[in-house]
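Okay, here's what each chain looks like letter by letter:
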Amino acid sequence: MKESYFPQEIEKKWQAVWEETKAFKTLDESDKPKYYALSMFPYPSGKLHMGHVRNYTITDVIARFKKANGFNVLHPIGWDSFGLPAENAAMKHNADPETWTDENIAYMTKQLKMLGLSYDWDREVTTCKPDYYKWTQWLFLQLYKKGLVYKKEAAVNWCNECGTVLANEQVIDGKCWRCDNVVEKKYLSQWFIKITEYADVLLEDLDKLLGWGDNVKTMQANWIGKSKGAIFKFPVIDAPSGEEMYVPVYTTRPDTVFGITYLVVAPEYKDIEKLTTAENSQAVEEYRANARKMSEIERLSTDRVKTGVPLGTHCRNPFNGEIFPLWTADYALVEYGTGAVMAVPTHDTRDFDFAKKYELPMKVVIENPENPSDCKDAAYTDPGVLVNSGEFNGMKNEQAKQAITKWAVDKGFGEFKTQYRLRDWLISRQRYWGAPIPVVYCEKCGIQPIPEDQLPVLLPKDVDFKVVGKSPITTSETFKHTTCPVCGGQATRETDTMDTFVCSSWYYLRYADANNSDKCFDRDTVNHWLPVDQYVGGIEHAILHLLYSRFFTKALRDCGLLDFDEPFKNLLTQGMVLKDGAKMSKSKGNTVDPDEIFENYGADTARLFILSDSPPARDFDWSDAGVEGCYKFLNRVWRLISTNADNITLDYKLNFPLEKSNDDLVRTVHIAIKGITNDISNDFQFNTVISKYRELTNAIYDWQGGKCKDGSELSDEDKQVLSFAVVSLMKLMSPVAVHLTEEAWSELGGVGSIHEQDWCAWDENLAKSSSITLVVQINGKVKDKIEVDEGLDQEQMKQVALDSPKIKAQIEGKTVVKTIVVPGKLVNIVVK
RNA sequence: GCUCCAGUGGCGGAAUCGGUAGACGCGUUGGACUUAAAAUCCAAUCGGGAGCAAUCUCGGUGCCAGUUCAAGUCUGGCCUGGAGCACCA
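Everything numeric in this text was worked out from a predicted model, so none of it was measured.

Within strand β10 (residues 227-236), eight of the 10 residues are buried, which leaves it mostly tucked inside the rest of the structure. Here β10 runs beside strand β18 (residues 414-419); their pairing, made up of six bridges, is antiparallel. Across the sheet, G229 pairs through a bridge with K417, a residue of β18.

This is the structure we're talking about:
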């Protein structure tokens, strides 16, 4: 065995062997229980970054640990390969996005293999390939059949400079990412997925996700934004047309209806013109035109001064008969609730600001009896008791919400209403590089889905990527013109493609049955492998991808394609990789190229370091000194093995009782096995796992230093103990230092791969120390530590403590009030 | 503004149940080996005070209270930083 550690040599060698032998292929059939470990698949942007390295290393260690512990592990990888960067690269060079994507995938695949990841490459999934997007289209059709897909007019982001629609992701601070032009809203007919139909179950089922962090769950809950309230209809008393009209409003504060002093409708409110008097129409029209022009930047500003104009008409409050004016103001949002707000300035901060500015009246209706407020300086929004509210006076406001709504329901102008903030998912993209939406428009038959047996709808090749002002896909004549699948007549194909989030909402299902050419996936196979046991990825997907995937799973279950309702049982959201306290980014120039690390130190060092310094969920600060330290440690481990190669045998045998120092080392090993196993099992605390690798390594060196102090030779028993310690260390390190341990295993004459070996077991008795350190406290402060035999009873422990000279001296002349004994640990003497 | 998360040495962090605060590493300092360097090894390293010294002693986990024999850990109230949402009625 070579004395020095040459990672580059070793790593290349074993990567080739693993690839050749398909060492990490997963079979569906197995007696073992299944375990599905999954990393969020990458976008093939060109090169791996350290965030990828962290993500994939974490999942890889989990997969290997589970495999060693007797699970049949599924650990796949693929590519989220549709999307804008490929198309932009194509536009720039007038090339095919597919070529750009393929090149990136090839390069990044090479890098993943250099990292020594245990993927089953036979299950690789690439979303931009027809054998994948065929099924994305097929799933679209299933949702369409279920009524979960529809088309409607919607406001989209429009860049006048580029003359094209932009995805939300392309709008940065209200501007186009390519030309910096201010983005406008435009109304276009778009495809939507009805995710709102699942709003309630998506919210409720968050409680089932015990293996998810609260941070992600609350983010999703906030995004869904459920609120309970009521809708009240207010009659208009002076509509210019003379017709009978009502303005419905949604409110979460029915208890404040007696304090309404005006009503606001959004500038885009559908009936606004009918609610405006002739005198006011010009001012209203100007205000609305202004609101339309309002850019995203202005809308985003946090402390905008509220503005509005009166419509000139009035409503009657059916609760108390009062008359109040109608206004329009852009703090009312057309897309939320009914698009109209009942304003109670005394008990809502926004209404308060608006009423102050326009000198609208205010009326207190909720009061804290202990500390009444006149609401002259600020709205009172805390709980209280109703006043000035007719028959509801004196009622607590929480009760009044119920009572007042009930009253309105009985009188026929109100209803209980639950409202969500979640909107339907806009999936149309006026883009080339995405899965084509499989429908055609026939002059006679209208919108017609493509029959399933005609899928996939392939992306055309006769495309001009240099076009300005429209999607490149629209330049293909062969694509656009087609025939209607129903009548056979002339038809036009849908040129919109799907949001890439559609493709990534079901890829984890495809891995279970990645090579099925007849079906999207086999129902039984998917039921077997899913849900994913451990999903690992960045927190940036906390809402979008994870919410969409949860929705897809539920919707596909309702389509009868699978039989579970949550896709990811446990979720680990890894922290960011920082350098010098800032997120690594090209613009800041603080990136570290994984290739350089592989080249200079090897993948094992990279893997070890990325796991070592911080727990997985926390941000990780990359430091060159830290890499160096990990490299030195691996050298130290290598030296330990290589210099002892002649003394180490793989079929060691320990004959108890052992000599004291040997007994101690064996104990240390058992403690390490227990600690490392628990640290991985509990919370994937890899940072403490690695500190325990170091502790064990240090202990073996120390033991050896003691043995060979005066150049003496190791005894037979010593060699057996050393073998046990070193082989255990190698197995414990094998999920992390995958190449080093494989090489050492093979050099020591191991049969097969170390990655095929069972995990180390520990003996609870051997992991226990024969003596313990008894801590003695006086009034809760540590005063003495005494080595005692394990197994003393409480009375004996107390006696040992009281016999200590130090303790005796300190309690002299004082009264012992109480003595607390914690078995096997500590005695606390309370004195006065 | 609302919601969530975090706050421990010079730094990253450790501390199943409330029970020895600072494991392990980085850095720093000193030493060994060497002609020298690299590599490697050994030792020290929370702060104050006492002692020639082994050692002793006091304080200490963002701040203020509380519960407890005992609080980094539990409760209440703040402060700071980060993240997400944001005129959602």
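Let's pick the thread back up.
A separate point is the protein's contact with RNA strand B. Not every one of the 54 residues close to RNA strand B is listed here, only the nearest: T252, R350, R421, R636 and N828. Sugar and phosphate atoms represent 66% of those atoms of RNA strand B found within 4 Å of the protein. Between RNA strand B and the protein, one listed contact pairs a phosphate oxygen with a side-chain N or O atom of Q685 at 3.2 Å. Taking E695, its side chain carries an N or O atom lying 2.7 Å from a sugar or linking oxygen of RNA strand B.

Attention now goes to a negative patch on the surface. Where like charges cluster on the molecular surface, the negative patch consists of D580, D613, D619, D621, D624 and E628. Looking at the element boundaries, D613 is found in the loop between α18 (603-612) and β30 (620-622).

Let's shift gears to the side chain of D718. Inspection of the secondary structure puts D718 in helix α22 (residues 716-733). Residue D718 is classed as buried on the basis of its relative accessible area of 5%. Contact partners of D718, with chain neighbours within four places excluded, come to E659, N662, W703 and K707.

Note on placement: F656 falls in the loop between α19 (624-643) and α20 (660-683). Measuring from C-alpha to C-alpha, the distance between F656 and E717 comes to 9.9 Å, with 61 residues separating the pair along the chain. If we skip the residues at most four places from it in the chain, F656 touches D663, V666 and L766.

Looking now at the sheet that holds strand β32 (residues 781-789). Within the open sheet, the four strands sit side by side as β32-β31-β34-β33. Their pairing is mixed. Only two strands of the sheet have a single neighbouring strand rather than two, namely β32 and β33 (816-822). The average angle at which neighbouring strand axes cross in this sheet is 20 degrees, direction not considered. One ladder, built from four bridges, connects strand β31 (residues 771-778) with strand β34 (residues 826-831); its direction is parallel. Counterpart to Q777 in the pairing with β34 is N828.

What counts and how
- Just so you know, the residues in each chain are numbered from 1, in the order the chain's sequence is written.
- Just so you know, chain letters begin at A and ligand numbers begin at 1, following the order they were written in.
- For a predicted model such as this one, the threshold for reporting local features is a pLDDT of at least 70, and the threshold for listing and counting side-chain atom pairs is 80 or more; totals across whole chains, interfaces and linings nevertheless cover every residue.
- Heavy atoms from the whole structure form the basis of all side-chain values; hydrogens and water molecules are not counted.
- Throughout this description, buried means an accessible area under 20% of the type-specific maximum (1.4 Å probe, protein chains only), exposed means over 50%, and partly exposed covers the range between.
- Every helix listed is a DSSP run of H or I at least four residues long, and every strand listed is a run of E at least two residues long, numbered separately from the N terminus.
- We call two strands paired when DSSP finds no fewer than two bridges between them.
- Residues are classed as near a molecule or strand on a simple rule: at least one heavy atom within 4 Å of it.
- Polar contact criterion, stated in full: a pair of N or O atoms within 3.5 Å, where within protein one must be able to donate a hydrogen and the other to accept it, and residues adjacent in sequence count only if both atoms are side-chain atoms.
- Nonpolar side chains (Val, Leu, Ile, Met, Phe, Trp, Tyr) are joined into patches within 5 Å and like charges within 9 Å, using only residues with over 30% relative accessible area and no salt bridge.
- Throughout, the Shrake-Rupley method with a 1.4 Å probe supplies accessible areas, and for residues the shown protein chains are the sole cover considered.
- Salt bridges are defined by distance alone: a side-chain nitrogen of Lys or Arg within 4 Å of a carboxyl oxygen of Asp or Glu.
- His is not counted here, nor are the chain ends, while Lys and Arg score as positive and Asp and Glu score as negative.
- In plain terms, the charge of a residue is placed at NZ if it is Lys, CZ if Arg, CG if Asp and CD if Glu.
- Any two residues having at least one pair of non-hydrogen atoms within 4.5 Å are treated as being in contact.
- To define axes, lines are fitted to C-alpha atoms, for helices over the stretch in contact only, and angles between the resulting N-to-C directions are given on a 0 to 180 degree scale.

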